[in-house]
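# Secondary and tertiary structure notes
For reference, the chains in residue letters:
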Amino acid sequence: MPKSRTNLLLLCFALSVSFLSAQEFTVKEKMQPLIDAGDLHGFVTLVADKDKILQIDCFGLADVEAKRPMTPDTVFWMASQTKPVTSIAVMMLVDEGKLSLDEPVTTYLPELKDLRVAVPRDGDETALVPVNSPVTLRRLLCHTGGVPFISPMQQRHGIDCLPSNKALTSYVMTPLAQQPGTQFLYSNIGINIAATVVERVSGMPLEDFLEKRLFEPLGMKETSFWPTEEQIDRLAKAYTFNDDKTGFKEIRIWALTYPLQDRTRRFAEAGGGLFSTPNDWVRIYQMLADEGVFQGKRILSEAAVKEIRTDQTGELPASYGLGAAVYGNAYGHGGSHGTDSRLSTKNGRIAMYFIQEAGLPKAGPSRDTFFDTVLPP
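If you're wondering where the values come from, they're calculated on a predicted model, not measured in any experiment. (Residues numbered from 1 in each chain as written. Predicted model: local features only at pLDDT ≥ 70, side-chain atom pairs only at ≥ 80, totals over all residues. Heavy atoms only, no water.)

### Some thoughts on the pairing of strand 1 (residues 42-48)
Most of strand 1 is tucked away: seven of the seven residues are buried. Burial along strand 1 is two-sided: the face carrying G42, V44, L46 and A48 and the face carrying F43, T45 and V47 are both buried. Bridge count between strand 1 and strand 2 (residues 53-63): seven bridges; the pairing is antiparallel. Each residue of the ladder has a partner; that of A48, found in strand 2, is I53. Joining the antiparallel neighbours strand 1 and strand 2 is a turn of four residues. (Buried < 20%, exposed > 50% of the residue type's maximum accessible area, 1.4 Å probe, protein only. Helix = DSSP H or I, 4+ residues; strand = E, 2+ residues; numbered from the N terminus. Pairing = 2+ DSSP bridges.)

### Some points on the pattern of salt bridges
Oppositely charged side chains may form a pair once their charged atoms are brought near each other. For the structure shown, the criterion picks out 19 salt bridges. R234 is paired through a salt bridge with E230; the nearest N and O atoms lie 2.7 Å apart. Judged by its relative accessible area of 44%, E230 is partly exposed. Its salt-bridge partner being E291, residue R309 comes within 3.2 Å of it at the nearest N-O pair. Taken as a pair, R309 in helix 11 (residues 302-309) and E291 in the loop between helix 10 (278-289) and strand 10 (293-294) lie far apart in primary sequence, 18 residues in all. The class for R309 is partly exposed, based on a relative accessible area of 25%. (Salt bridge = Lys/Arg side-chain N within 4 Å of Asp/Glu carboxyl O.)

### Examining the packing of helix 3 (residues 82-95) against helix 10
Here helix 3 crosses helix 10 at 50°, and the two axes come no closer than 12 Å. Put simply, helix 3 runs oblique to helix 10. For the element pair helix 3 and helix 10, the recorded crossing hand is left-handed. On helix 10, the residues that touch P84, V85 and I88 of helix 3 are W281, I284, Y285, M287 and L288. (Axes fitted to C-alpha atoms, helices over the stretch in contact; angles between N-to-C directions. Parallel < 35°, antiparallel > 145°, perpendicular 65-115°, else oblique. Left-handed = near helix turned anticlockwise from the far one by under 90°. Contact = heavy atoms within 4.5 Å.)

### Topic: the packing of helix 3 against helix 7 (residues 188-202)
Two elements in contact, helix 3 and helix 7, have axes separated by 10 Å at closest approach and are oriented at 35°. Crossing of helix 3 against helix 7: the hand is left-handed. The residues of helix 7 that touch helix 3, namely those facing K83, T86, A89, V90 and L93, are N188, I191, A194, A195, V198, V201 and S202. Looking at the contact of helix 3 with helix 7 residue by residue, the classes come out as eight nonpolar, three polar and one charged. (Nonpolar A, V, L, I, M, F, W, Y, C, P; charged D, E, K, R; others polar.)

### Structural notes on the packing of aromatic side chains
If you walk through the whole model with that rule in mind, you get nine aromatic pairs. Each ring, one from F184 and one from Y320, has its centre 5.6 Å from the other, and the planes form 50°; the classification is tilted. Here F184, found in the loop between helix 6 (164-172) and helix 7, pairs with Y320, found in the loop between helix 11 and strand 12 (325-327); they are 136 residues apart in sequence, far enough to count as distant. With 5.9 Å between their ring centres and 65° between their planes, F225 and W226 make a pair best called edge-to-face. Neither residue differs from the other here; F225 and W226 are each classed as buried. An aromatic cluster of at least three residues, connected via ring pairs, comprises F43, F59, Y353, F370 and F371. When the ring centre of Y258 is taken as reference, the NZ or CZ atom of R252 above it lies at 3.8 Å. Cation over ring: R342 sits above Y327, and NZ or CZ is 4.0 Å from the ring centre. (Phe/Tyr/Trp six-rings, centres within 6.5 Å; stacked < 30°, edge-to-face > 60°. Lys NZ or Arg CZ within 6 Å of the ring centre and 35° of its normal.)

### What about the side chain of R266?
Note on placement: R266 falls in the loop between strand 8 (248-251) and strand 9 (275-276). Under the relative-accessibility criterion, R266 is labelled buried at 1%. A polar contact is formed between the side chain of R266 and the side chain of D160, at a distance of 2.6 Å. Those residues in contact with R266 that sit more than four places away from it in its chain are D160, F225, W226, P227, L256, T257, P259, L260, G273 and F275. (Polar contact = N/O pair within 3.5 Å; in protein donor to acceptor, adjacent residues only side chain to side chain.)

Next comes the structure, spelled out in structure tokens:
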């Protein structure tokens, strides 16, 4: 057979394999009707394994008014998907023997030695009592440290309004809501305290630690607490329905300080501050899917990855690892305004859903449909 004919056949075979692979997950046919019906403005779905992206589907618009479509390089506020990244930073230092998950956090942050627990009394009275069990990094990362969600300062001015040293002072002034280890209480403060430990022990600001130790080794050039002007031009706008439910209206992200690129008034928020793109974010989960290795380079130990994905909450009515929610045969995390990433512990498949919305009724069901389609039960 002539060499040119052989090459042509090989090319056709490669194209056929690519086409079949792209059709393996019937995401488009199940999700497109949501756009056609006007239920959602736009979103991106991604399926990958530890080695490659298997399929990306882009639906609708990132900017309705400008008619800018969703793409694999659309920028999203990852919100609470930042929490697993902070946990990875902690576990890097655990791997190096510089941190212990079960050491009282006061070992690293003595400023917290006078933490108290707010206990309701008769009427409207509240008493402050000492903690009867230590706050540890493990408890902070799995939300059993008894720490409230955010501080009054963050509630008023935004979750990113304080640098870590001033934020720590505000946390000292914020009583615990429960005794440590007794209840699951979802908490940005707890994650931020863990990040402050990373800063104290490493001698580096969190953003520098993540850039040097995680983002650069993973080749992540689009992930940051501060999107650039060019990235803001690619940012997915957040939407809800307009008043008469005939279309969408843009909303501002309540939790953040504007302008988003301002490093003088916005600070790295370990519980929910990162921005990224689908093409970039998948690399974190590819590293986890390969038991801590990315493209031949070890980032985390296998033991650290196992700790992250293992339910740490015991008999409490929650399934949560270290900075990651546990969903039976998968683990990962969602974020405010709708992004969600999950990694199957059954076959290593990664599934990611990216949207920016606030209260669109079909957003949750559409995420469920996507995960049910691509992840094994």
